[in-house]
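The chain contents come next:
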Amino acid sequence: MTQAPDWFSSGLPHIWSPYAQMKRATPPLPVVRTEGTRIFLADGRVLIDGIASWWTACHGYNHPHIRQAVERQLAQMPHVMFGGLAHEPALTLAKRLADLLPGDLTRVFFSESGSVAVEVALKMAAQVWLNRGESGRTKLVAFKGAYHGDTTGAMAVCDPDDGMHARFAGLLPPHLILDLPRDENSLAAFEQALAAHDSEIAGIILEPLVQGAGGMLFHDTAVLRRLRAAADRYRLPLIFDEIFTGFGRTGTLFACEQAGIVPDILCLSKALTGGTLPLAATVATRQIFDGFWSDDPSHALMHGPTFMANPLACAAANASLDLFASEPRLAQAARIAGRLAAELAPARGLEGVRDVRVRGAIGVVELDAIADLDALRRRFVARGTWIRPFGRIIYLAPALTISDEDLATLTSAIVAELESGV
Ligand code: PLP
């Protein structure tokens, strides 16, 4: 192994890494290049990426169509503020998203990260009531197992006990965090909570079909239909956080399509730009938007991130949508689903394996426990793979373009690690 480059040794002491106990964590790996499903390290090693950079790089890294679109945009206008000004990449993207999304999800508010998209969604849900003259609706209904981001508003609708923000309980506004209405008992408890807190609730928020960072937990489409029915009965805005599930990850372009229902507000980010640049969108239905349409300035949505609708990011997102239209991403997701199911099946029944599950291009092995996460992550790197287990979960969510060979390398690395005892 060669020595770390100078930029790495001199810069690292000034970096505070994400989700890392800095005293003990293995230092990050210096990366010099990415291409397709490959991450090239400074020391010459090459890793096959099993998680597409936190589920963003759905077409693989450095896709030429996206790169060229960003380069063209860079030459013309890297950025301009979106307050009082508009530009072609953002307006084209908004129209395309409105056309692609189901129902009348037709108003797009851009921001630059998933957490902020969630903040905006929560604000829309709360303010639509205020604009109607109804105050006191300060609580969201959210669910155990949820993860919606790391900003404080989003933290407050994450799982308060098992989630990564559990220690901040006193700092966060209290919401109603319920069990998902999966069966008779949880449905009864859910209905009871809605009835008991009716006048305090501003809306309902859920990651549809897959709760990601909360543990890669799956639920079925009946849950989504139950939430839609309850939201209708209580006139509550239903927010779907499709920041992970959007853009083919669960097998359809958007997860909500599988239930045949339309939320009132939908959040997108991650794969929106094909993983090239930061961008997020909070998309509202006509009805939500109309709740802000008024001669009263105080009824306006008071939000405006400095870099919202960044032209480079919007150009990348438009190019990414081109690829969804011209290349068979959903068929690729289906192929990945089949291969993940077959190739992870040998993990079932191995010691310490609690569950093996697949939905779309997401493969999950849930263990009783992972004794040393850092050590396991290092062993995956030693096998030439980039797989980042968390909690008691080992999972894959690769680029939808991954080859069968690369996918087989990833799944066999997981099975081999399990066979040697995690
Ligand atoms: N919502 C979901 C479902 C996510 O998976 C994430 C990130 O993992 C977020 C929100 C937060 O997005 P960001 O990290 O871009 O703020």
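Just so we're clear, the structure is a prediction, and the values are computed from it rather than from any experiment.

Quick notes on the rules
Residues numbered from 1 in each chain as written. Predicted model: local features only at pLDDT ≥ 70, side-chain atom pairs only at ≥ 80, totals over all residues. Helix = DSSP H or I, 4+ residues; strand = E, 2+ residues; numbered from the N terminus. Buried ≥ 20, exposed ≤ 12 C-beta atoms within 10 Å, placed from the backbone. Contact = placed C-beta atoms within 7 Å. Pairing = 2+ DSSP bridges. Axes fitted to C-alpha atoms, helices over the stretch in contact; angles between N-to-C directions. Expected span 1.5 Å × (residues − 1). Domains from an automatic or database assignment. Nonpolar A, V, L, I, M, F, W, Y, C, P; charged D, E, K, R; others polar. Core = buried A, V, L, I, M, F, W, Y, C linked by C-beta atoms within 7 Å.

## Side note on the overall build of the protein
- In terms of regular secondary structure, the protein is built from 13 helices and 16 strands.
- The C-alpha extent of the protein, read off along each of the three principal axes, is 65 × 55 × 45 Å.
- Buried residues in the protein amount to 46% of all 422 residues.
- Within the protein, contacts between residues at least 6 apart in sequence are counted, and of these 73% link residues at least 24 apart.

## Regarding the sheet that holds strand β3 (residues 46–49)
- Here we have four strands laid out as an open sheet, ordered β1-β2-β3-β15, and mixed in their pairing. On the outer flanks of this sheet lie β1 (31–35) and β15 (385–386), each paired with one strand and no other.

## As for the sheet that holds strand β14 (residues 362–367)
- Strand order in the open sheet formed by three strands is β13-β14-β16, and the pairing between neighbours is antiparallel. The open sheet has two edge strands, β13 (353–359) and β16 (393–396), and neither has a second partner. With direction set aside, neighbouring strand axes in the sheet form an average angle of 10°.
- The pairing of β14 with β16 spans four bridges and is antiparallel. Within β16, the position partnered with V365 by the bridge is I394.
- This element, helix α11 (residues 329–344), spans β13, β14 and β16 of the sheet and lies at about 160° to β13.

## Comments concerning helix α10 (residues 311–326)
- Across its 16 residues, α10 extends 22 Å between first and last C-alpha, which sits within 8% of the 22 Å expected from 1.5 Å per residue.
- Of all the 16 residues making up α10, twelve are buried; the element is thus mostly covered by neighbouring parts of the structure.
- Among all positions of α10, only P311, L312, A313, C314, A315, A316, A317, N318, A319, S320, L321 and F324 are buried.
- Where the residues of α10 are buried, they touch α3 (64–76), α4 (88–100) and α11.

## Comments concerning the domain arrangement of the protein
- When its domains are assigned, the protein resolves into domain 1 (64–326) and domain 2 (329–348 + 365–393 + 408–422).
- One C-alpha centre belongs to domain 1, the other to domain 2, and the line joining them spans 29 Å.
- Each side of the interface is counted separately: domain 1 has seven residues, and domain 2 has seven residues.
- Residues of the side of domain 1 that touches domain 2, tallied by class, amount to three nonpolar, four polar and no charged.

## Comments concerning the nonpolar core
- Within the largest apolar cluster, 123 residues are counted, with the highest numbers of intra-cluster contacts made by A117, A121 and A281.
- No other element matches the ten residues that helix α5 (residues 114–131) contributes to this core.
- Split by domain, the residues of this core number at least three in each of domain 1 (64–326) and domain 2 (329–348 + 365–393 + 408–422).
- Residues contacting A281, with those up to four places away along its chain left out, are L97, V108, F109, F110, A117, L268 and L272.

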